[in-house]
Amino acid sequence: NNGGHPPAVSTQDVFFAAHALALSALGLAQIVHYDGMVGAAARQPISRTCFIVSSCLCSFATFYLALILMTGGGVEKPEQPEKASYRYFDYFDYIYALSYCKVFITLIKYVPQFLSNRRRRSTTGWNVWNVILDITGGAFSVTQLLADCASLGDWTGLKSD
């Protein structure tokens, strides 16, 4: 997928993802503890649409990972030369699929808020800091990609996987 080169994932990328997961889990735990999410006592119940979309995305991610594990991680098997040139499921494609899920989640996170603000012609009650942090994180991510490509002297990272 990357011209035969391994993906340029560094240790800080892994720690950043683990850090983001831990903080998101902490935020979700606080919401469940203080506001509740299901039942009649919930102050902010989960909408049916959110539940369905979240369930579908989690089911997709779990099913895809199960397929990878059942097929041996998509590793080419020399004892099966007819299948050696094609990988049905592999971890790299799984990460790519999860990145598309992330883009979808970002869209469904901001589009309804944008439409609501447009309809009301106001941003009252909406915290803009999440958007600023998302934009800043994206800018730093692109800057890191450019710095990694420059330090390696290999600019194929900009156009490949």
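What you are looking at is a predicted structure, and each value in this text was computed from that prediction instead of being measured. (Residues numbered from 1 in each chain as written. Predicted model: local features only at pLDDT ≥ 70, side-chain atom pairs only at ≥ 80, totals over all residues. Heavy atoms only, no water.)

Things to note about the state of the cysteines
Line of reasoning, step 1. Counted under the stated rule, the structure contains 0 disulfides.
Line of reasoning, step 2. For the unlinked cysteine Cys 58, the closest cysteine sulfur is that of Cys 101, found at 9.2 Å. (Disulfide = S-S within 2.5 Å.)

Comments concerning the confidence of the model for the chain
Line of reasoning, step 1. With 80% of its residues at a pLDDT of 70 or more, the chain shows a mean pLDDT of 79.
Line of reasoning, step 2. Within the chain, the lowest mean pLDDT, 82, falls on helix α4 (residues 129–152), and the highest, 90, falls on helix α2 (residues 48–70). (pLDDT = per-residue confidence, 0-100. Helix = DSSP H or I, 4+ residues; strand = E, 2+ residues; numbered from the N terminus.)

Notes on the environment of Tyr 64
Line of reasoning, step 1. With respect to the helices and strands, the residue Tyr 64 is situated in helix α2.
Line of reasoning, step 2. In sequence terms Tyr 64 and Asp 93 are 29 residues apart; their C-alpha atoms lie 9.8 Å from each other.

With respect to the packing of α2 against helix α3 (residues 91–120)
Helix-helix packing is described using two parameters, namely the angle between the two axes and the distance between the axes.
Line of reasoning, step 1. At a minimum axis distance of 10 Å, the contact between α2 and α3 shows a crossing angle of 175°. The angle between α2 and α3 falls in the class roughly antiparallel. Residues Val 53, Leu 57, Phe 60, Ala 61, Tyr 64, Leu 65, Ile 68 and Leu 69 of α2 pack against Tyr 91, Asp 93, Tyr 94, Ala 97, Leu 98, Cys 101, Phe 104, Ile 105 and Ile 108 of α3.
Line of reasoning, step 2. For the contact of α2 with α3, a count of residues per class yields 16 nonpolar, no polar and 1 charged. (Axes fitted to C-alpha atoms, helices over the stretch in contact; angles between N-to-C directions. Parallel < 35°, antiparallel > 145°, perpendicular 65-115°, else oblique. Contact = heavy atoms within 4.5 Å. Nonpolar A, V, L, I, M, F, W, Y, C, P; charged D, E, K, R; others polar.)

Concerning the packing of aromatic side chains
Line of reasoning, step 1. The final tally for this structure, using the stated rule, is 3 aromatic pairs.
Line of reasoning, step 2. Chaining the aromatic ring pairs together yields one cluster made of Phe 60, Tyr 64 and Tyr 94. (Phe/Tyr/Trp six-rings, centres within 6.5 Å; stacked < 30°, edge-to-face > 60°.)

Some details on the environment of Arg 120
Line of reasoning, step 1. For Arg 120, the location among the structural elements is in helix α3.
Line of reasoning, step 2. Relative accessible area serves as the criterion here: at 41%, Arg 120 is assigned to the partly exposed category.
Line of reasoning, step 3. At 3.4 Å, the side chain of Arg 120 and the backbone oxygen of Thr 124 are in polar contact. (Buried < 20%, exposed > 50% of the residue type's maximum accessible area, 1.4 Å probe, protein only. Polar contact = N/O pair within 3.5 Å; in protein donor to acceptor, adjacent residues only side chain to side chain.)

Focus: α3
Line of reasoning, step 1. Here α3 is 30 residues long and its end C-alpha atoms lie 44 Å apart, about the 44 Å a rise of 1.5 Å per residue gives.
Line of reasoning, step 2. Along α3, the residues that are buried comprise Tyr 94, Ala 97, Cys 101 and Asn 117.
Line of reasoning, step 3. The elements touched by buried residues of α3 are α2.
Line of reasoning, step 4. Of the residues flanking the end of α3, it is Arg 121, one or two places downstream, whose phi is positive at about 55°. (Expected span 1.5 Å × (residues − 1).)

Structural notes on the nonpolar core
Line of reasoning, step 1. Of all hydrophobic cores here, the largest spans 5 residues; its members are Ala 61, Tyr 64, Ile 68, Tyr 94 and Ala 97.
Line of reasoning, step 2. When residues of this core are traced back to their parent elements, those giving at least two are α2 and α3.
Line of reasoning, step 3. For this core, the element with the highest residue contribution is α2, accounting for 3 residues. (Core = buried A, V, L, I, M, F, W, Y, C linked by side-chain atoms within 4.5 Å.)

A short note on helix α1 (residues 11–34)
Line of reasoning, step 1. An ideal rise of 1.5 Å per residue puts 34 Å on 24 residues; α1 measures up with 35 Å between its terminal C-alpha atoms.
Line of reasoning, step 2. Where α1 ends, the next residue or the one after it, Gly 36, has phi of about 75°, a positive value.

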